[in-house]
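The residues making up each chain are set out below.
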Amino acid sequence: MATAIMDLPDREYILPGTRTCAGCGLPIAYRHILKALGPKTVVTLPACCLTILHGMYPKTPVAINSVNNTFGSTAASASGLVAGLKVTGREDYTVLAMAGDGGTFDMGIQALSGAAERQTNFIYVCYDNEAYMNTGVQRSSATPAGAVTTTTPVRPKEQPKKDFIQIMEAHHPAYLATTCSSYPADLYNKFVKAKDIRGTRFIHLAVPCPAGWGFPTRHTVKMGRLAVETAVVVLYEVEEGRFRLTGKSLNMAKTGRKRPVSEYLEGQARFKKMTPEQVEAFQEWVDRRWEQLLERAGL
Amino acid sequence: MARTKILTGNETAALAAKMCRVQVVAAYPITPQSKIPEVLSEYVERGELDAEFVRVESEHSAMGVCISASLVGARAFTATAANGLAYMHEQLHWAAGARVPIVMPVTNRGLGAPWTILNDMQDTISQRDTGWIQLYCMNNQEVLDQIILAYKVAERVLVPVMVCFDGFRLSHTMMPVEIPDQEKVDAYLPPFEPPYLLDPENPVNINPVVLTDPLPGADGRPCPGYMGFRRRLQEALESALDVLLEEGRIFGEHFGRSYDDPLYRYRTEDARLVFVAMGSLASEATEAVDMLREEGIPAGVVGIRIFRPFPRRALREALAGVQIMAVLEKAVSYGHEGALASEVKAALYGLNGAQPLAVNFILGLGGKDVKPADVCEAARRALSFSGPGEVPESPIWLSNEI
Ligand SMILES: Cc1ncc(C[n+]2csc(CCOP(=O)(O)OP(=O)(O)O)c2C)c(N)n1
Ligand code: SF4
Ligand SMILES: [Mg+2]
């Protein structure tokens, strides 16, 4: 497995001309996902920022076969691709379903739960930018408490983020992992591993969004790193029930170094209305989960 | 050798799908079609049908599975009714826009609220504008034949097809059905040849965002904007009428039952009063016609087999010069009248002196029994109007309801 950027395959599947905003974390992640999965991949995607990344007809910067589908049906579309490819003797294709947090945590949950329960042979990636970005930064159930969005404009969101990863773990997928666009090697390795596993593979991908979160475009990588270094996002994988911290998170567990969440929150305009009490509550939530995950990892 | 079996509409639909060698089946229960996927699951589990059987968690997903399976070249099938069809609505548009040749039987059933599991046609009529071909069956033989025909046509014009038949009245009623030999079906319906195959070296982005105006592609040639794609869908449906009739004629050469007329006609030659109806109602109306004729009233039936694309010219020819037409409908465009009445009247626009007096009857909703006597009553009401001024503006509800 590649651990250094120099070891990654040279072939590019995302050519110049993506339509995402400047500084978007999504193309960084997508580039490495496709490098890991290779040309015999079919992507299915709903309406979201990824659709925009794929460009407008008749041109696309993405050199991978892809199928656009309706907002709530990504995993159903993937089930159809898997069934159609199998019955026509092309099981050597990897079916990749990739949707945003709105298209997963909210509207896509039914189709995804169904496909996972059927143990459909596909990889589902939820790239999580923590709001409905494509429609203009509306709150989703993935939006964290304290964030201002265009539908929580005056009083920041009060409810914490839905623990969707646990919901997916309860489906006992063949493979489950979390990763972040700021750690391409961690991300790449997880997709290489996922590619060779049969059954449902679910990957939660944290993606910083400068436009929706309110930070300078030059801070995208830094913001993703801060998310991990504060343990707001924790990198791990669950393989056949075995839990393992990976990459930077494993490192942090070993060294005991974890930054305060305020360092992550401060750099983003969406959190500017958070009260000190809310910041404290957020820190407590992060600490509690970090301890739980350390315990699961036996560290 | 063809053999005759006594089958329900649902068993017939499942058998037809098997004989069409469908490759992907998406299954979700809803009365009155549930038996179709049940029978198909038996075929698949017994190894009699080589298909991927996907037990989805909703009708929205059922259509999602079919769309994507079809896009990668598999012959896809699902069935539904009523609220299941309504739940699919977004996907119906997507399937037609994606030009995937899915065939889907719908066992016609009323829509809630309030709940009914029984028959009317509100479900499919409400999906009229989704870009699907809609065929309506009068009996179980037609269920079998139309499903086979539907795949042939769908795969030629790349438009999905709904094969509609009345819930319970056909879906649960045993009728003799002549089952053709499998080899004959294979000869009529060869394997699905998708318009393109996935090629990793020539990747495509299927159904992306399309802008309003045409744009040049990589080779500099202009590619359609949104309206260009939509116009092509309209043209495909317009051309589908001739294809349906041509394939219906070829069907007759193979199986001895020809479907080269978009209309079913019963004693129309000298008819002064013509009932216009769809599905099993058209067949039931023939009994009333015989009764009326015994009373000396020259009545006839025009049954509409193909509702989309709409057989405008055939209807114009069939109804020109008829004195009165009674459009019998099991669906309503609420606040107006039955959609079929509006459409038939529009088809006759400009016939001037030859235009029949049009009277619209709503009947049989939510399984309400329609007896020949009810249809005769409709005839008498229609005949009581001596001119357009006397026909009520709103449709006449035929029922003894409070
Ligand atoms: C049925 C339906 N409802 C609503 C929409 C509008 N819509 C398009 S993209 C989008 C937001 C997607 O949010 P998310 O999945 O989080 O992806 P992001 O845009 O943030 O990348 C919404 C609500 C739609 N396309 N279809
Ligand atoms: S809104 Fe955010 S996620 Fe969407 S393209 Fe822009 S930066 Fe990327
Ligand atoms: Mg989002």
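Anyway, here's the lowdown on the structure attached to this text. (Residues numbered from 1 in each chain as written. Chains lettered and ligands numbered in written order. Predicted model: local features only at pLDDT ≥ 70, side-chain atom pairs only at ≥ 80, totals over all residues. Heavy atoms only, no water.)

Each helix and strand counted, chain A has 12 helices and eight strands in total. For a compact globule of 299 residues, the expected C-alpha radius of gyration is about 19 Å, and chain A comes in at 18 Å, within 12% of that figure. If you line up chain A on its principal axes, its C-alpha atoms span 60 × 45 × 40 Å. Of all 299 residues assigned to chain A, the portion counted as buried reaches 59%. For chain A, long-range pairs separated by at least 24 residues make up 70% of all intrachain contacts whose partners lie at least 6 apart in sequence. Carbon and sulfur atoms form 54% of the exposed surface of chain A, whose accessible area is close to 11700 Å². (Helix = DSSP H or I, 4+ residues; strand = E, 2+ residues; numbered from the N terminus. Rg over C-alpha atoms; globule rule 2.2 N^0.38 Å. Buried < 20%, exposed > 50% of the residue type's maximum accessible area, 1.4 Å probe, protein only. Contact = heavy atoms within 4.5 Å. Areas by Shrake-Rupley, 256 points an atom, 1.4 Å probe, with all protein chains shown as cover.)

A few words on the sheet that holds strand 12 (residues 263-266) of chain B. Residues and elements named next belong to chain B. Taken together, the six strands give an open sheet; going across it, the order is 12-14-13-16-17-18, and neighbouring strands pair in mixed fashion. Two strands close off the open sheet at either side, each with one partner strand: strand 12 and strand 18 (396-397). In this sheet, strand 14 (residues 299-304) lies alongside strand 12 in antiparallel orientation, the contact comprising four bridges. Pairing of Tyr264 across the sheet is with Gly303, part of strand 14. Of the strands in this sheet, strand 12, strand 13 (273-277), strand 14 and strand 16 (324-329) are in contact with helix 10 (residues 280-294), which crosses strand 14 at around 175 degrees. Packed onto the sheet, helix 11 (residues 312-319) meets strand 12, strand 13, strand 14 and strand 16 and runs at close to 15 degrees relative to strand 12. (Pairing = 2+ DSSP bridges. Axes fitted to C-alpha atoms, helices over the stretch in contact; angles between N-to-C directions.)

Geometrically, a metal with four donors at the corners of a regular tetrahedron has ideal angles of 109.5 degrees, and one with six donors at the corners of a regular octahedron has ideal angles of 90 or 180 degrees. All names here are of chain A. Those donors, Asp101 (OD), Asn129 (OD1) and Ala131 (O), are the protein atoms that reach the magnesium ion (ligand 3), and they lie 2.0 to 2.1 Å from it. All donors to the magnesium ion (ligand 3) come from one chain, and their sequence spacing reads D-x27-N-x1-A. With Asp101 in the loop between strand 3 (94-100) and helix 4 (102-106) and Asn129 in the loop between strand 4 (122-128) and helix 6 (164-169), the pair connects residues that are 28 residues apart, well separated along the chain. For the pair Asp101 and Asn129, a shared accessibility class is recorded, and that class is buried. (Donors = N, O, S within 2.8 Å, 3.2 Å for Na, K, Ca; no water.)

Moving on, we come to the interface of chain B and chain A. A common way to report how large an interface is uses the accessible area buried once the components associate. Taken together, the 46 residues of chain B in the interface contact 41 residues of chain A. Summed over both partners, the interface of chain B with chain A comes to about 3300 Å²; 60% of that surface belongs to carbon and sulfur atoms. Among the residues of chain B in contact with chain A, B:Leu198, B:Pro200 and B:Asn205 are the three that bury the most area, contributing 18% of the side total. Taken together, the links from chain B to chain A amount to three salt bridges. Taking the shortest distance from any N to any O, the salt bridge between A:Arg118 and B:Glu57 comes out at 3.1 Å. Viewed at the interface, chain A and chain B are joined by 19 residue pairs in polar contact (both at pLDDT 80 or more). Listing elements by their share of the side of chain B that touches chain A, those giving two or more residues are strand 3 (52-55), helix 3 (59-71), helix 5 (89-98), strand 9 (205-206) and strand 10 (215-216) of chain B. The dominant element in the side of chain B that touches chain A, judged by the number of residues it contributes, is helix 3 of chain B, at seven residues. A class-by-class count of the residues in the side of chain B that touches chain A yields 27 nonpolar, 12 polar and seven charged. (Buried area = accessible area lost by both parts, 1.4 Å probe. Salt bridge = Lys/Arg side-chain N within 4 Å of Asp/Glu carboxyl O. Polar contact = N/O pair within 3.5 Å; in protein donor to acceptor, adjacent residues only side chain to side chain. Nonpolar A, V, L, I, M, F, W, Y, C, P; charged D, E, K, R; others polar.)

Let us now look at the pairing of strand 6 (residues 133-136) of chain B. Residue and element names in this part refer to chain B. Burial along strand 6 is two-sided: the face carrying Ile133 and Leu135 and the face carrying Gln134 and Tyr136 are both buried. Bridge count between strand 6 and strand 7 (residues 161-166): four bridges; the pairing is parallel. Across the sheet, residue Leu135 finds its bridge partner in strand 7, namely Val163. For the crossover from strand 6 across helix 7 (residues 140-157) to strand 7, the handedness is right-handed. Inspection of the sheet shows strand 6 paired to strand 15 (residues 306-308) by two bridges, in the antiparallel sense. The residue bridging Leu135 from the neighbouring strand is Ile306, located in strand 15. (Right-handed = clockwise from strand over helix to strand, strands pointing away.)

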